[in-house]
Amino acid sequence: MVRKPAAKESTSNVSRDELLKYYRDMLLIRRFEEKAGQLYGMGLIGGFCHLYIGQEAVVVGLEACAKDGDKRITSYRDHGHMLACGMDAKGVMAELTGREGGYSKGKGGSMHMFSREKHFYGGHGIVAAQVPLGAGLAFADKYLGNDNVTFTYFGDGAANQGQVYETYNMAELWSLPVVFVIENNQYAMGTSMSRSTKSTTLYGRGEAFGIAGERVDGMDVLAVKAAGEKAVAHCRAGKGPYILEVMTYRYRGHSMSDPAKYRTREEVQKMRDERDAIEHVRDLLLTGSHASEDDLKAIDKEIKDIVNESAEFAKESPEPALDQLWTDIYAEDLPQGSATENA
Ligand SMILES: Cc1ncc(C[n+]2csc(CCOP(=O)(O)OP(=O)(O)O)c2C)c(N)n1
Ligand SMILES: [Mg+2]
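All values derive from a computational prediction rather than experimental measurement.

Draft legend 1. A look at the nonpolar core. Grouped together as the largest cluster of nonpolar side chains are 69 residues, with contacts concentrated most on Val179 and Leu244. No other element matches helix H1 (residues 16-41), which puts 11 residues into this core. Sequence-distant contacts of Val179, defined by excluding residues within four places in its chain, comprise Val149, Thr150, Phe151, Thr152, Ala231, Val232, Cys235, Tyr242 and Leu244. Residues Val131, Ala138, Tyr168 and Met193 belong to the second largest nonpolar core, which totals 19 residues.

Draft legend 2. Seen up close, helix H5 (residues 130-144). Taking 1.5 Å per residue, 15 residues should reach 21 Å; H5 reaches 21 Å between its end C-alpha atoms and fits that length. Considered for burial, the residues of H5 that qualify are Gln130, Val131, Gly134, Ala135, Leu137, Ala138 and Asp141. Down the axis of H5, the smallest arc covering the buried residues is 155 degrees, so these residues share one side. Each element contacted by the buried residues of H5 is listed here: strand S1 (71-73), strand S2 (150-155), helix H6 (162-173) and strand S3 (178-184). Residue Gly145 follows H5 closely and has a positive phi angle near 80 degrees.

Draft legend 3. Summary view of the packing of aromatic side chains. Here the structure, examined in full by the defined rule, presents nine aromatic pairs. Their ring planes at 20 degrees and their centres at 6.3 Å tell us that Phe139 and Tyr143 sit as a pair that is stacked. In this pair, Phe139 and Tyr143 are both assigned in helix H5, four residues apart and thus about one turn of the helix distant. The class of Phe139 is partly exposed, set by a relative accessible area of 39%. Relative accessible area serves as the criterion here: at 69%, Tyr143 is assigned to the exposed category. Put simply, the rings of Phe154, Tyr165, Tyr168, Phe180 and Phe209 pair up and form one aromatic cluster.

Draft legend 4. Examining the pairing of strand S7 (residues 242-247) more closely. Burial within S7 is extensive, with five of its six residues counted as buried. As paired elements, S3 and S7 share six bridges and run parallel to each other. Bridging from a neighbouring strand, Phe180 pairs with Ile243 of S7. As defined by bridge partners, strand S6 (residues 212-217) adjoins S7 across six bridges and the pair is classed as parallel. Along S7, the bridge assignment pairs Val216 with Val246. Once you follow S6 into helix H8 (residues 221-236) and on to S7, the crossover reads as right-handed.

Draft legend 5. A look at the sheet that holds S6. With parallel pairing, five strands are arranged side by side in an open sheet as S1-S2-S3-S7-S6. Every other strand in the sheet has two partners, leaving S1 and S6 as the edge strands with one partner each. Mean inter-strand twist for the sheet, computed between neighbouring axes without regard to direction, equals 20 degrees. Of the strands in this sheet, S1, S2, S3 and S7 touch helix H2 (residues 56-63), which is tilted by about 170 degrees from S2. Where H6 meets the sheet, its contacts fall on S2, S3 and S7, and the angle it forms with S3 comes to roughly 150 degrees.

Criteria and cut-off values
- Residues numbered from 1 in each chain as written.
- Chains lettered and ligands numbered in written order.
- Predicted model: local features only at pLDDT ≥ 70, side-chain atom pairs only at ≥ 80, totals over all residues.
- Heavy atoms only, no water.
- Core = buried A, V, L, I, M, F, W, Y, C linked by side-chain atoms within 4.5 Å.
- Buried < 20%, exposed > 50% of the residue type's maximum accessible area, 1.4 Å probe, protein only.
- Helix = DSSP H or I, 4+ residues; strand = E, 2+ residues; numbered from the N terminus.
- Contact = heavy atoms within 4.5 Å.
- Expected span 1.5 Å × (residues − 1).
- Arc of directions from axis to C-beta.
- Phe/Tyr/Trp six-rings, centres within 6.5 Å; stacked < 30°, edge-to-face > 60°.
- Pairing = 2+ DSSP bridges.
- Right-handed = clockwise from strand over helix to strand, strands pointing away.
- Axes fitted to C-alpha atoms, helices over the stretch in contact; angles between N-to-C directions.

Below, the structure written as structure tokens:
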């Protein structure tokens, strides 16, 4: 499928400022991830590192539906989620490189970062483990009687884990305000959807539990936002959980070592050429005369600077001292009152 000219698409429901924000936010994730890939290649990042390149519209579209107090939790493919909810690129990059200035003081790495301030609850390396945790966060909000929503992200592979369905059952039974976001990038490591399930949709599995849901084009940030608004309104109105199966695609390997034998180069290139989410918004901005090439160049430069500064910060930040090896592990290390503080 060849990209349709953006001029035919209506942007009447979206303001120039919104489009520019989506462009900027998606570009920040892309450039940040490219830089992380480079630093990994230079040996400055070690261990696991899963890049989000290609999937940017999912998290940017959904963050556009969030209000202060809403929570988010995801898997190990988490850098984009952190940047999109407003966490500082410097702190994220420093954590990737295992430095003191990182969100987990350099002791968590790519998969284990948290921000109480931004209500970001990780970063989880165990496939699907974040799903019941996300329902737990939503339970806390329901218990406290506010209208906050928890975005619980997981992959198509994770959707085959049993704990997802135990969670669905309880989330619907207790009408928990949780949006289950299945980021269906069509592969779980090297296993394609067609090799792991006969189900034609993943959102449809919610029906057995009475949970409403839908499938969304995850390469179109405006479509993601529209579906997200519906899901969030459902949750805030006290109607219980909602499932969004967001169809997306990862351009890079599963993690930094990936033999890439499970799909063709042509398949990846086709998605990049015809469905890229950033190019889509770029087209909308240009053809709708919302921005000029020069405006977009200025944004590109601004993003490049933020990313370069984050890499410089990460390189200059020291590694954690050896006497920090046993700190930040047990609850007694938390500041006074934290243990009882509301999520
Ligand atoms: C319980 C568990 N089983 C297996 C693994 C190894 N593993 C890591 S990622 C992954 C694939 C998950 O794919 P998906 O949920 O589609 O997410 P994606 O990587 O595509 O974002 C597997 C099997 C793990 N980390 N945890
Ligand atoms: Mg997947």
